[in-house]
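Commentary on secondary and tertiary structure
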Amino acid sequence: MNLASLMNSPRKNEEKAAPRRLALVRIQATVLAQGAMSAAKDSVKSFRHMRDVLTGAYSQARA
């Protein structure tokens, strides 16, 4: 533990920075999760399309 941190009170910016940082981390996590889900959906769609092309089925008939 740092003795200076016990003697000096925390600065005002540090008290407000933690919730702001937490909000940014949540936003970044949400954006990354949405990107991963979008990529997974695109992969599934492309797989189904190529499977339909190779097997002779039609992807338009898929609901």
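Scroll up to find the structure.
Scope of this entry: the structure provided in the associated data block. Remember, predicted model here, so these are calculated numbers, not experimental data.

**Section: the overall build of the protein**
- When its secondary structure is counted, the protein shows 2 helices and 0 strands.
- Within the span of the protein, comprising 63 residues, buried residues form 3% of the whole.
- When the accessible surface of the protein is split by element, carbon and sulfur atoms take 62% of a total near 6100 Å².

**Let's talk about the pattern of salt bridges**
- Under the counting rule described, the total for this entry stands at 1 salt bridge.
- Arg51 is paired through a salt bridge with Asp52; the nearest N and O atoms lie 3.9 Å apart.

**Description of a nonpolar patch on the surface**
- A cluster of nonpolar side chains, Leu24, Ile27 and Val31, forms an exposed patch at the surface whose accessible area comes to about 290 Å².
- Along the chain, Val31 falls in helix α2 (residues 12-55).

What counts, and where the lines are drawn
- Residues numbered from 1 in each chain as written.
- Predicted model: local features only at pLDDT ≥ 70, side-chain atom pairs only at ≥ 80, totals over all residues.
- Heavy atoms only, no water.
- Helix = DSSP H or I, 4+ residues; strand = E, 2+ residues; numbered from the N terminus.
- Buried < 20%, exposed > 50% of the residue type's maximum accessible area, 1.4 Å probe, protein only.
- Areas by Shrake-Rupley, 256 points an atom, 1.4 Å probe, with all protein chains shown as cover.
- Salt bridge = Lys/Arg side-chain N within 4 Å of Asp/Glu carboxyl O.
- Patch = residues over 30% accessible without salt bridge, like charges linked within 9 Å, V, L, I, M, F, W, Y side chains within 5 Å.

The values are spatial; any link to function lies outside them.
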